[in-house]
Amino acid sequence: MENYPIRTKNAADRFLTLLKTRGPLPAAELANELGITGEGARLQLLKLAEEGLVQSESASKGVGRPVLIWSLTPLGNARFPDTHTELTLQIIQTIKNVLGKEALDNVVNAREKSQLEKYSTALEGVNGLENRLTSFAAIRSGEGYLAEWKKEGDTYYFIENHCPICCAATECDNICTSEMRTFVSILGEKMNVSRMEHIINGARRCVYKIEAE
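For the structure given in this document, a descriptive report is provided here. Everything numeric here is computed off the predicted structure, so don't read it as measured data. (Residues numbered from 1 in each chain as written. Predicted model: local features only at pLDDT ≥ 70, side-chain atom pairs only at ≥ 80, totals over all residues. Heavy atoms only, no water.)

### Things to note about the packing of aromatic side chains
- In the structure shown here, the tally under the stated rule is 6 aromatic pairs.
- On the basis of an interplanar angle of 45° and a centroid distance of 5.8 Å, the ring pair of W149 and Y156 is categorised as tilted.
- Given the relative accessible area of 25%, W149 is considered partly exposed.
- Between F158 and F183, the ring centres sit 5.7 Å apart and the planes meet at 80°, which makes this aromatic pair edge-to-face. (Phe/Tyr/Trp six-rings, centres within 6.5 Å; stacked < 30°, edge-to-face > 60°. Buried < 20%, exposed > 50% of the residue type's maximum accessible area, 1.4 Å probe, protein only.)

Laid out in structure tokens, this is it:
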């Protein structure tokens, strides 16, 4: 075992830390490293799998039955500290303080162009507002926005229940303006898009109202 101390308080954290530091492992090796029975390791891994923290993949190792190799899921990896929020804020503040607001605006505009190109390519050939909303919601959900849409009468609402870039948007409000321009471009110039709820203004979610002009 590598010289990384497993100094966590409970069994779940010990399993997650070992998989984080050693990479994918079979239950037997996990049991050996942690000084528990193989059955105990399997039961703990099944519990972690139910919680969405670990996953298994069958692998053949020579003669005999395939072995299940266990690894962390994205949710399991998220249990470990990540300072990307602090780093993002530091970068934004540095650009603003050292290079000036115009430089920050240029960065936001470049991001907008990149996002629009990506979305336009992904939605190429997807016709009809409802089809585009469905596909766009799937794309945004994949980016962490937990997006969905609904229709009330002739009005559509595009809803994002989470904002993975909230810290950046709070520090740089141009990002939200850029997002709005992107939405208009994706949904069509003939649609009137307005933001009804806004996370950085204290709302639980971001809600966009979409109506034909």
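Moving on, there is more to tell.
### Some thoughts on the nonpolar core
- Ranked by internal contacts, the top residues of the largest apolar core, which has 21 residues, are F136, F158, V193, Y208 and I210.
- Listing elements by their share of this core, those giving two or more residues are helix 7 (129–142), strand 5 (155–160), helix 9 (174–187), strand 6 (191–197) and strand 7 (206–212).
- In terms of residue count, the dominant contributor to this core is helix 9 (5 residues).
- Leaving out residues up to four positions away in the same chain, V193 has contacts with M180, V184, L187, Y208, K209 and I210. (Core = buried A, V, L, I, M, F, W, Y, C linked by side-chain atoms within 4.5 Å. Helix = DSSP H or I, 4+ residues; strand = E, 2+ residues; numbered from the N terminus. Contact = heavy atoms within 4.5 Å.)

### Some details on the pattern of salt bridges
- Taken as a whole and assessed by the stated rule, the structure comprises 14 salt bridges.
- Close ionic contact of D105 with K101 constitutes a salt bridge, the shortest N to O distance being 3.2 Å. Remark: K101 and D105 occur in helix 6 (residues 101–122); sequence separation between them is 4 residues, near one turn of the helix.
- Residue classification places K101 among the exposed positions, given a relative accessible area of 53%. (Salt bridge = Lys/Arg side-chain N within 4 Å of Asp/Glu carboxyl O.)

### Looking at the sheet that holds strand 6
- The strand order across the open sheet built from 4 strands is 4-5-7-6, with neighbouring strands paired in antiparallel fashion. Unpaired on one side and paired on the other, strand 4 (147–152) and strand 6 mark the two borders of the sheet. When strand polarity is set aside, the average angle formed by the axes of neighbouring strands in this sheet is 25°.
- Against the sheet, helix 9 contacts strand 5, strand 6 and strand 7, and its axis sits at roughly 145° relative to strand 6. (Pairing = 2+ DSSP bridges. Axes fitted to C-alpha atoms, helices over the stretch in contact; angles between N-to-C directions.)

### Focus: the packing of helix 7 against helix 9
- Running from N to C, helix 7 and helix 9 point in directions that differ by 140°, and their axes come no closer than 10 Å. Put simply, helix 7 runs oblique to helix 9. Only E179, F183, I186 and L187 of helix 9 make contact with helix 7, whose side of the interface consists of L129, R132, L133, F136 and R140. (Parallel < 35°, antiparallel > 145°, perpendicular 65-115°, else oblique.)

### Some words on the environment of L123
- Counting through the fold element by element, L123 comes out in the loop between helix 6 and helix 7.
- Residue classification places L123 among the buried residues on the basis of a relative accessible area of 0%.
- Between the alpha carbons of L123 and I186 there is a distance of 8.4 Å; along the sequence they are 63 residues apart.
- If we ignore the near neighbours within four places in the chain, the residues touching L123 are R132, S135, F136, I139 and I186.

By themselves these figures say nothing about function.
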